[in-house]
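Per-entry structural report
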Amino acid sequence: VDFDERELFRGKINRPPTFIHRQFTLHQEDKVSKFMSELRERIMEHNIPGKVAALLAVFHQNGANDDLIQKYNALDKEYTDIIRAALKKTGRRRYGYTRSPQLTEAGRNVNLHKGILDCRRRKAPLSEGVLNLAHDLGYDLSKVDETPIPVLRRNAAAA
């Protein structure tokens, strides 16, 4: 049979997500253990066992009624939300490698020098971002106003 799935099912196809879109699989033991510890922590934080025990005691006393069913549904939603939150926290993908501190600092130096040059070209005071970056890098801004633009351009290119 040849048919267009999107038109036939209106874009809602019940099939498992592709491997790329899965948050993690059971073969990733480190993520599974991290998920389980995160889930246990959140369950204890929200006192789910106590809520289940209280709901069970009321059920044994009164039996099933509409109020109890609503409380059960609310508890089920809370538990499902806790599971989803733990999955979301655990399943974050890690892209690439961590950058070396030297590379990061060199990039920040380039941004600082470009920011200084841009402010001087526009004859504007140094922006808050440039001031914060200079403070973080320990760069002395006292002579920036006296430095000619060609020298600032060379500094930006050298950084």
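Only a predicted model underlies this, so the values are computations on that prediction, with no experimental measurement involved.

A word on the overall build of the protein chain. Summing up its helical and strand segments, the protein chain has seven helices and zero strands in all. Along its sequence from the N terminus, the protein chain presents helices and strands in the succession α-α-α-α-α-α-α. Burial analysis of the protein chain (159 residues in total) assigns 20% to the buried set. For the protein chain, the exposed surface amounts to about 13000 Å²; the carbon and sulfur share of it is 54%.

Time to look at the nonpolar core. A general feature of soluble globular proteins is that nonpolar side chains tend to end up buried together. Formed by Leu112, Ile116, Leu117, Val130, Leu133, Ala134, Leu141, Val144, Leu152 and Ala156, the largest nonpolar core amounts to ten residues. Ranked by size, the runner-up nonpolar core spans nine residues in total, among them Leu39, Leu75, Ile82 and Ala86.

Of note in the backbone geometry, Asn47 takes a positive phi value of approximately 55 degrees without being a glycine. Mapped onto the fold, Asn47 is located in the loop between helix H2 (29–45) and helix H3 (48–62). Positive phi values are uncommon outside glycine, yet Lys123 reaches one of about 55 degrees. Take Lys123: it is sitting in the loop between helix H5 (101–121) and helix H6 (128–137). Exposure remark for Lys123: the relative accessible area of 79% places this residue in the exposed category.

A few words on the pattern of salt bridges. The full count for this structure, using the stated rule, is seven salt bridges. A salt bridge links Glu38 to Arg42, with the shortest nitrogen-to-oxygen separation between them at 2.6 Å. Note that Glu38 and Arg42 are positioned in helix H2 at a spacing of four residues, about one turn of the helix. Between Arg108 and Asp136 there is a salt bridge; the shortest N-O distance is 3.2 Å.

Here we come to the packing of H5 against H6. The contact between H5 and H6 brings their axes to 10 Å, and the two run at 140 degrees. In terms of orientation, H5 and H6 fall into the oblique class. In terms of crossing hand, the pair formed by H5 and H6 is left-handed. Contact residues: Glu105, Arg108, Asn109, Asn111, Leu112, Gly115 and Ile116 in H5; Val130, Leu133, Ala134, Asp136 and Leu137 in H6. Counted by class, the contact of H5 with H6 contains six nonpolar, three polar and three charged residues.

Scoring rules and cut-offs
- Residues numbered from 1 in each chain as written.
- Predicted model: local features only at pLDDT ≥ 70, side-chain atom pairs only at ≥ 80, totals over all residues.
- Heavy atoms only, no water.
- Helix = DSSP H or I, 4+ residues; strand = E, 2+ residues; numbered from the N terminus.
- Buried < 20%, exposed > 50% of the residue type's maximum accessible area, 1.4 Å probe, protein only.
- Areas by Shrake-Rupley, 256 points an atom, 1.4 Å probe, with all protein chains shown as cover.
- Core = buried A, V, L, I, M, F, W, Y, C linked by side-chain atoms within 4.5 Å.
- Salt bridge = Lys/Arg side-chain N within 4 Å of Asp/Glu carboxyl O.
- Axes fitted to C-alpha atoms, helices over the stretch in contact; angles between N-to-C directions.
- Parallel < 35°, antiparallel > 145°, perpendicular 65-115°, else oblique.
- Left-handed = near helix turned anticlockwise from the far one by under 90°.
- Contact = heavy atoms within 4.5 Å.
- Nonpolar A, V, L, I, M, F, W, Y, C, P; charged D, E, K, R; others polar.

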